[in-house]
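Understanding the architecture of this molecule
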Amino acid sequence: MKLVIAIVQDTDAPGLTKALLERGFRSTKLASTGGFLREGNTTLLIGLEDEKVPEVLELIKEKCRTRTRLVSRGLPFAEALDPFLVQPVEVQVGGAVVFVLPVEHFVKL
Amino acid sequence: MKLVIAIVQDTDAPGLTKALLERGFRSTKLASTGGFLREGNTTLLIGLEDEKVPEVLELIKEKCRTRTRLVSRGLPFAEALDPFLVQPVEVQVGGAVVFVLPVEHFVKL
Amino acid sequence: MKLVIAIVQDTDAPGLTKALLERGFRSTKLASTGGFLREGNTTLLIGLEDEKVPEVLELIKEKCRTRTRLVSRGLPFAEALDPFLVQPVEVQVGGAVVFVLPVEHFVKL
Ligand code: NI
Ligand code: NI
Ligand code: NI
């Protein structure tokens, strides 16, 4: 038995939770902030059999991989003044930090 | 030294925390949602000596065991129309998911 | 790789987080209450290389050590009646409970 602690971005959490559940993995969500990732992250606890670890890591990779997104950012009112002042910028989103911990006993009541 | 991570229902958390404290076990409560149990759960962290693990697992079992409770549920206004439409239904409450993790160092400042 | 779970007082958390970051250690903050310490605590998750554990424990000790603070406490309106009724009292602040857990896999996406 292993305990996976996955710290993911808030925006990626629902998609990951859903994908995990579809494969039969339940996760518990802890409210978390700051730290490993930019503001607004979620810490998930996932208990699983040792042999399922690669499958879950793969899912996390798929749903939370670091990628860039174009965001229009400009000075306030810049667009009204001059649309060319509003430059779309690439921001990095996603990413995850994952710890796989050994579990000595696992009990489900 | 072990770290017990217990995910229990919100309704069972105060009773468990109190029972733990009466036996000298302090627990830290993390806000958590969804996942292993129905909505509204609490994740407790309990640090303890190896030989105390069975005692704590027993307490969790006692305070959080899965049990059924009768709940009156009916259609809105059903009772006004016909009391027999309001059937008490059995809902499952309680339950817990518990991980016992090995601890390499434990420090109390 | 190790996972440090540090339960510290809310008042000590920002100073510790800042000190950790200055040394290159990122931490994830979980909302937590009660338990090991007086009300209002923060649980930090810090992933780190085995050989950095002593450095991080030293930092936690430095920023969260148990110490006393003088607090003026009196009956409401006591000061108005008689300043000698307002006795500064020593209250204990700080303290931390730290678990160092073994990590089997660590993945950063
Ligand atoms: Ni195992
Ligand atoms: Ni031990
Ligand atoms: Ni290691």
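For clarity, every value in this text was computed on a predicted model and none was experimentally measured.

1. A closer look at helix H1 (residues 13-22) of chain C
Working note: α-helix, 3.6 residues per turn, so residues spaced by three or four point in the same direction. Residues and elements named next belong to chain C. Within the span of H1, buried status applies to Ala13, Leu16, Ala19 and Leu20. Down the axis of H1, the sector holding all buried residues measures 135 degrees, keeping them to one side. Facing away from the buried side of H1 by more than 90 degrees, the exposed set consists of Pro14, Lys18, Leu21 and Glu22. Contacts made by the buried residues of H1 are with strand E1 (2-9), strand E2 (27-33), strand E3 (41-48) and helix H2 (53-64). Directly beyond the C-terminal end of H1, a positive phi value near 90 degrees is found at Gly24.

2. With respect to the pattern of salt bridges
In the structure shown here, the tally under the stated rule is 15 salt bridges over all chains. Across the salt bridge formed by Glu104 of chain A and Lys2 of chain B, the nearest N and O atoms sit 3.3 Å from each other. Within this pair, whereas Glu104 of chain A is found in the loop between strand E6 (96-102) and strand E7 (105-108), its partner Lys2 of chain B is found in strand E1 (residues 2-9), the two belonging to separate chains. We classify Glu104 of chain A as partly exposed; its relative accessible area is 41%. Lys2 of chain B sits in the buried class, given a relative accessible area of 10%. The shortest N-O distance in the salt bridge between Asp50 of chain C and Lys2 of chain C comes to 2.8 Å. Separated by 48 residues along the polypeptide, Asp50 of chain C in the loop between E3 and H2 and Lys2 of chain C in strand E1 bring together distant segments of the chain. You can call Asp50 of chain C partly exposed: its relative accessible area is 36%. One network of salt bridges, in which partners are shared, links Lys2 and Asp50 of chain A together with Glu104 of chain C.

3. So, the coordination of the nickel ion (ligand 1)
For the nickel ion (ligand 1), the protein coordination sphere consists of Met1 of chain A (N) and Asp50 of chain A (OD), at 1.5 to 2.3 Å. Of the two residues, Met1 of chain A is situated in the segment before strand E1 (2-9) and Asp50 of chain A in the loop between strand E3 (41-48) and helix H2 (53-64); the sequence distance between them amounts to 49 residues.

4. Some thoughts on the relation of the copies chain A and chain B
Both copies of the chain are related by a screw-like operation: a rotation about an axis and a shift along it. By a simple turn and slide, chain A fits onto chain B: the slide is 0.0 Å along the axis, the RMSD is 0.0 Å, and the turn is 120 degrees. The two molecules are tied by a three-fold rotation axis, judged by turn and shift. Ranked by how close their C-alpha atoms come to the rotation axis, the residues of chain A are headed by Ala31 of chain A, at 3.6 Å. In this assembly the copies use different faces: only 20% of the residues contributing to the interface of chain A also contribute to that of chain B.

5. Things to note about the environment of Arg65 of chain C
All names here are of chain C. By secondary structure assignment, the location of Arg65 is in the loop between H2 and strand E4 (67-73). Contacts of Arg65, omitting those with residues within four sequence positions, involve Ile60, Val93, Gly94 and Gly95. At 3.3 Å, the side chain of Arg65 forms a polar contact with the backbone oxygen of Glu62.

Conventions we followed
- Residues numbered from 1 in each chain as written.
- Chains lettered and ligands numbered in written order.
- Predicted model: local features only at pLDDT ≥ 70, side-chain atom pairs only at ≥ 80, totals over all residues.
- Heavy atoms only, no water.
- Buried < 20%, exposed > 50% of the residue type's maximum accessible area, 1.4 Å probe, protein only.
- Helix = DSSP H or I, 4+ residues; strand = E, 2+ residues; numbered from the N terminus.
- Arc of directions from axis to C-beta.
- Contact = heavy atoms within 4.5 Å.
- Salt bridge = Lys/Arg side-chain N within 4 Å of Asp/Glu carboxyl O.
- Donors = N, O, S within 2.8 Å, 3.2 Å for Na, K, Ca; no water.
- Least-squares fit on C-alpha atoms with pLDDT ≥ 70 in both.
- Polar contact = N/O pair within 3.5 Å; in protein donor to acceptor, adjacent residues only side chain to side chain.

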